[in-house]
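# Summary of structural features
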Amino acid sequence: MISVVVPAHNEQRVVGRLLTKLLEHAEPGELNVVVVANGCTDATAQVAQGFAGVRVIETPVPSKSNALRLGDDAAHGFPRLYVDADVELTTHAARALSAAVSQPGTLAAGPVRTLPMHAVDPRVRWYYDVWQRLPAVRDELFGRGVVAVSESGHERLADWADVMSDDLLLAMSFGPGERVVVPEAEVVIHPPRTYADLVRRRVRAMTGNARLAHAAPPHLRRPPRTGLRELAQLAGREPALTPKVAFFAVVAVVSRLRARRALRTDDHTWLRDESSRA
């Protein structure tokens with residue numbers, strides 16, 4: 001049995017899309033799916049309850065970390081997948097991820113990303129043209145919306161800390177020899193459609209990453225893998241990307257400045273991108 005934990009906050013527009021793809025070709029009893037509707041003011045729970053075999057837990061606390069804890073407590077069996085409600089993951093992809101973490105020595109696995117770019121602002125397309133080429137983005141498990149762990153990998157997680165960058169915390173918990181990206185598993189991640197929502201996402205990510213870097217135990221801390229040097233090397237290898245690399249750097253600077261302001265004022269607002277859920 002493959003256990004799947006789905007934290008969902010006001011995701012009535014997209015959680016059905018995920019569950020349809022995830023369950024479409026599943027055998028009876030193959031998937032143990034737990035959706036944790038946390039702090040919802042919409043019909044997220046009702047939509048999820050419409051799928052046979054899906055267990056829905058409701059909590060008034062709008063916290064993804066708390067939802068992951070509740071989902072973990074309710075789930076049973078391994079491998080275990082943690083899946084964001086706004087992505088698309090098929091039954092085949094879930095099986096491929098589960099097979100990967102069933103191999104000796106592999107504690108965690110993630111899928112390859114597909115980002116549909118129709119109907120998005122060209123500036124968003126420019127940003128992701130660069131982002132997807134960065135070594136850390138290609139190799140690490142963060143930013144995929146899905147992480148699978150084995151039972152041994154699950155022991156690394158211990159308890160879900162109250163952090164904004166939960167996917168980065170997950171990624172930091174496993175070394176290069178313990179994690180894999182599975183080519184046979186694909187996840188569809190819907191990017192923000194507008195420049196303003198892109199910046200909102202980046203500010204949230206940088207704020208959460210900074211807080212996590214400060215709070216994480218020393219053995220989990222990693223030096224940044226992307227800086228001006230890496231961007232310059234990318235532009236050198238692909239000169240046609242130079243304008244996009246420059247734009248990427250501008251977005252990074254703007255987002256970092258806004259993240260610093262959020263840190264300075266202790267602002268914990270969750271900057272949610274609604275455009276990708278339209």
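Scroll up a little and you will see the structure.
If you're wondering where the values come from, they're calculated on a predicted model, not measured in any experiment.

All right, on to the packing of helix H5 (residues 122-131) against helix H11 (residues 242-264) then. Between H5 and H11, the shortest axis-to-axis distance is 9 Å and the interhelical angle comes to 100°. Viewed along their axes, H5 and H11 adopt a mutual orientation that is roughly perpendicular. Taking contact as the criterion, the partners of Arg123, Trp126, Tyr127, Asp129, Val130 and Trp131 in H5 are, on H11, Pro243, Lys244, Val245, Phe247, Phe248 and Val251. Tallied by class, residues from the contact of H5 with H11 come to nine nonpolar, no polar and three charged.

With that out of the way, let us pick up the packing of aromatic side chains. Describing an aromatic ring pair means giving the distance of the ring centres and the angle of the ring planes. Tallied over the entire structure, the rule returns five aromatic pairs. With 6.4 Å between their ring centres and 85° between their planes, tryptophan 126 and phenylalanine 247 make a pair best called edge-to-face. On the criterion of sequence distance, the pair formed by tryptophan 126 in helix H5 and phenylalanine 247 in helix H11 is long-range, its members being 121 residues apart. For the pair tyrosine 127 and phenylalanine 248, a centre-to-centre distance of 4.5 Å together with 20° between the ring planes defines the contact as stacked. Separated by 121 residues along the polypeptide, tyrosine 127 in helix H5 and phenylalanine 248 in helix H11 bring together distant segments of the chain. Each residue in the set Tyr127, Tyr128, Trp131 and Phe248 is aromatic and connected to the rest through ring pairs, giving one cluster. The side chain of arginine 80 reaches across the aromatic face of phenylalanine 78, ending 4.3 Å from its centre.

Below, the discussion takes up the side chain of serine 276. Along the chain, the position of serine 276 falls in the segment after H11. Polar contacts involving the side chain of serine 276 include one to the side chain of arginine 201, which spans 3.3 Å. Among the polar contacts made by the side chain of serine 276, one reaches the side chain of aspartate 273 at a distance of 2.8 Å. Other than its neighbours up to four places away in sequence, serine 276 contacts His190, Pro191, Pro192 and Arg201.

Right, let's get into helix H4 (residues 91-101). Along an α-helix, residues three or four positions apart point the same way, because every turn accommodates 3.6 residues. Summarising burial for H4: eight of the eleven residues are buried, a large majority. Three or more residues of H4 are buried, namely Thr91, Ala93, Ala94, Ala96, Leu97, Ser98, Ala100 and Val101.

Moving on, we come to the pairing of strand E4 (residues 80-83). On E4, burial covers both faces: Arg80 and Tyr82 on one face and Leu81 and Val83 on the other are all buried. With three bridges joining them, strand E1 (residues 2-8) and E4 adopt parallel strand pairing. The residue of E4 that forms the bridge with valine 5 is tyrosine 82. Across four bridges, E4 lies against strand E7 (residues 146-149) in antiparallel orientation. When the sheet's bridge partners are listed, valine 83 is paired in E7 with valine 146.

Here we come to helix H1 (residues 15-23). Buried within H1 we find Val15, Gly16, Leu18, Leu19 and Leu22. Relative to the axis of H1, the buried residues are bounded by an arc of 160° and lie together on one face.

This brings us to the environment of glycine 29. Relative to the helices and strands, glycine 29 is located in the loop between H1 and strand E2 (31-38). Residues glycine 29 and glycine 53 lie 24 residues apart in sequence; the distance between their C-alpha atoms is 8.2 Å.

Okay, the pairing of strand E8 (residues 179-188) next. Alignment of strand E5 (residues 88-89) against E8, held across two bridges, turns out to be antiparallel. Its bridge partner lying in E8, leucine 89 is registered against valine 187. Alignment of strand E6 (residues 108-114) against E8, held across seven bridges, turns out to be parallel. Paired with glycine 110 across the bridge in E8 is valine 181.

About the cut-offs
Residues numbered from 1 in each chain as written. Predicted model: local features only at pLDDT ≥ 70, side-chain atom pairs only at ≥ 80, totals over all residues. Heavy atoms only, no water. Axes fitted to C-alpha atoms, helices over the stretch in contact; angles between N-to-C directions. Helix = DSSP H or I, 4+ residues; strand = E, 2+ residues; numbered from the N terminus. Parallel < 35°, antiparallel > 145°, perpendicular 65-115°, else oblique. Contact = heavy atoms within 4.5 Å. Nonpolar A, V, L, I, M, F, W, Y, C, P; charged D, E, K, R; others polar. Phe/Tyr/Trp six-rings, centres within 6.5 Å; stacked < 30°, edge-to-face > 60°. Lys NZ or Arg CZ within 6 Å of the ring centre and 35° of its normal. Polar contact = N/O pair within 3.5 Å; in protein donor to acceptor, adjacent residues only side chain to side chain. Buried < 20%, exposed > 50% of the residue type's maximum accessible area, 1.4 Å probe, protein only. Pairing = 2+ DSSP bridges. Arc of directions from axis to C-beta.

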